[in-house]
Amino acid sequence: TSFGFKEVREEEKRQLVGNVFSSVASSYDLMNDLMSGGLHRLWKDRLVSMLNPFPGMKHLDVAGGTGDVAFRILETVNSIKRRALQDVLLDELQEETRIYICDINPNMLNVGKERALERGDKSLVWVEGDAEALCFEDRTMDGYTIAFGIRNVTHIEKALAEAYRVLKRGGRFLCLELSHVEIPVFKELYDYYSFSVIPAMGELVAGDRSSYQYLVESIRRFPPQEKFASMIADAGFQKVEYENLVGGVVAIHSGLKI
Ligand code: SAM
């Protein structure tokens, strides 16, 4: 009967929704690798090397998702620690490192938490929260990063104001984001890739064309490099700069709270 059919469909849907966490998580990482040809790993490495992490730092990674950026920061801190231990620079290691990962989506955080458990490091703190209203005190962080996150935030200005608020004086703001390509020919190729290849890939791999269509549209709507830099300066940051990677496919913006 049609009723029976409906029941089956609802059960199917419940299962689907229940599986969303795992399917989103697995296809999320796979899609990142596929769409960027693995380059997102290098971009995140570059972000972390610009941050210059140090043992004892208090750092906030917003829209931290599954912890990709946080794990890299922690690895850098740990390798500095190992070297310092060899040099018996123990003073440097007295203060505990804290890396807070804040994300609005608990499912993304859960994936990261599980990964952290496997690694057994206690320096990571997972916090569910909104970039526009951070649950951290004023002037508590040495660094703030946001990778592929600020584009999704409703009021960018609010997120920037919050970043400024929670940073200590001398603290660094860094934002990695998909940006704008202005190089002729490359721009046309990139447009074709984004508007045709990405949604098709999303459908094929993640079974979700519309989300990936949204992704491409949100990149177009995001302010161009110069405009975004001036928004960061308007939030109070000094020494605002940006670096284009792959001709502006992504850009890393930075600012200092002085
Ligand atoms: N930073 C991770 C990375 O580079 O792999 C994840 C990036 S993912 C494309 C975007 C993340 O932003 C998602 O995990 C989403 O939940 C989070 N997000 C979206 N809006 C947010 C907000 N207002 N506050 C905090 N996180 C947000």
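Located above this text is the structure these notes cover.
Residues numbered from 1 in each chain as written. Predicted model: local features only at pLDDT ≥ 70, side-chain atom pairs only at ≥ 80, totals over all residues.

Peer 1: With reference to specific residues and values, describe the nonpolar core.
Peer 2: Ranked by internal contacts, the top residues of the largest apolar core, which has 48 residues, are Leu47, Ala70, Ile73, Tyr144, Phe173 and Leu176. Once you skip the residues sitting within four places of it in the chain, Leu47 turns out to touch Val69, Thr145, Ala147, Leu174, Leu176 and Ile252. (Core = buried A, V, L, I, M, F, W, Y, C linked by C-beta atoms within 7 Å. Buried ≥ 20, exposed ≤ 12 C-beta atoms within 10 Å, placed from the backbone. Contact = placed C-beta atoms within 7 Å.)

Peer 1: Please provide a residue-by-residue account of the environment of Tyr164, values included.
Peer 2: For Tyr164, the position within the fold is in helix H5 (residues 156-166). Residues Tyr164 and Ala235, 71 residues apart in the sequence, show an inter-C-alpha distance of 6.9 Å. Setting aside residues no more than four positions away along its own chain, Tyr164 makes contact with Ala235, Gly236, Phe237 and Lys257. (Helix = DSSP H or I, 4+ residues; strand = E, 2+ residues; numbered from the N terminus.)

Peer 1: Can you tell me about the site of the ligand, naming the residues and giving the values?
Peer 2: If you check the shell around the ligand, you find 18 residues, and the closest are Ala63, Gly65, Asn105, Ala131 and Ala147. Taken together, the residues that form the shell around the ligand break down as 9 nonpolar, 5 polar and 4 charged. (Near = placed C-beta within 6 Å. Nonpolar A, V, L, I, M, F, W, Y, C, P; charged D, E, K, R; others polar.)

Peer 1: Now, about the pairing of strand E7 (residues 250-256): what can you tell me, with residues and values included?
Peer 2: With 6 of its 7 residues buried, E7 lies for the most part within the structure. Strand direction decides the pairing type here: strand E5 (residues 167-178) and E7, joined by 7 bridges, are antiparallel. For Cys175, the partnering residue across the bridge sits in E7 and is His253. Of the pairings in the sheet, the one linking strand E6 (residues 238-245) to E7 comprises 6 bridges and is antiparallel in character. Its bridge partner being in E7, Glu241 is matched across the sheet by Ser254. (Pairing = 2+ DSSP bridges.)

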